[in-house]
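As a plain string of letters, each chain reads:
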Amino acid sequence: MDDIAQDPSSSTPAERVARGRAIWDRYSAEHPFASLEDVIADLLHLADEDVPGGAESVLERAEMHHSAERPDDVSRALDGLPPSWERAARRWL
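Residues numbered from 1 in each chain as written. Predicted model: local features only at pLDDT ≥ 70, side-chain atom pairs only at ≥ 80, totals over all residues. Heavy atoms only, no water.

### Brief notes about the overall build of the protein
On a plain count of helices and strands, the protein comes out with six helices and zero strands. For the protein, the sequential pattern of α-helices and β-strands runs α-α-α-α-α-α. A burial count over the protein gives 13% of its 93 residues as buried. Expressed as a percentage of contacts within the protein between residues at least 6 apart in sequence, the contacts between residues at least 24 apart total 6%. Put simply, the protein shows about 7700 Å² of open surface, and 57% of that area lies on carbon and sulfur atoms. (Helix = DSSP H or I, 4+ residues; strand = E, 2+ residues; numbered from the N terminus. Buried < 20%, exposed > 50% of the residue type's maximum accessible area, 1.4 Å probe, protein only. Contact = heavy atoms within 4.5 Å. Areas by Shrake-Rupley, 256 points an atom, 1.4 Å probe, with all protein chains shown as cover.)

### Brief notes about helix α2 (residues 13–30)
Compared with an ideal rise of 1.5 Å per residue, which puts 18 residues at 26 Å, α2 spans 26 Å between its outermost C-alpha atoms and is within 8% of the ideal. Along α2, the residues that are buried comprise R19, Y27 and S28. Projected onto a plane normal to the axis of α2, the buried residues spread over an arc of 160° and lie on a single side. Turned more than 90 degrees off the buried face of α2, the exposed positions are A14, R21, R26 and A29. (Expected span 1.5 Å × (residues − 1). Arc of directions from axis to C-beta.)

### Some thoughts on the packing of aromatic side chains
Evaluation of the coordinates by the stated rule reveals one aromatic pair. Between W24 and Y27, the aromatic rings sit 6.2 Å apart at their centres with planes inclined by 25°, giving stacked as the arrangement. Here W24 pairs with Y27, and both are found in helix α2, just three residues apart, close to one helical turn. Looking at W24, the relative accessible area reads 22%, which means it is partly exposed. (Phe/Tyr/Trp six-rings, centres within 6.5 Å; stacked < 30°, edge-to-face > 60°.)

As structure tokens, this is what we get:
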């Protein structure tokens, strides 16, 4: 997982999903009754101990990163349309 720390901005959302899944698989193997919320809460407790600004700071930055990496609502709505339909729809939007 050293590659994550090198340049996280170079990752695609699919690569980030794969890394998240690897973390979740390991966590859930050790804690079989845990939910995804549990691992996130544990990481936030870690942030409170190890990160300046604590969990609130980490949550704020994580939400900002997540939002920036997601396609916007328009892109999701137009995904899969034939090119001519997409162009027409974008003119109306």
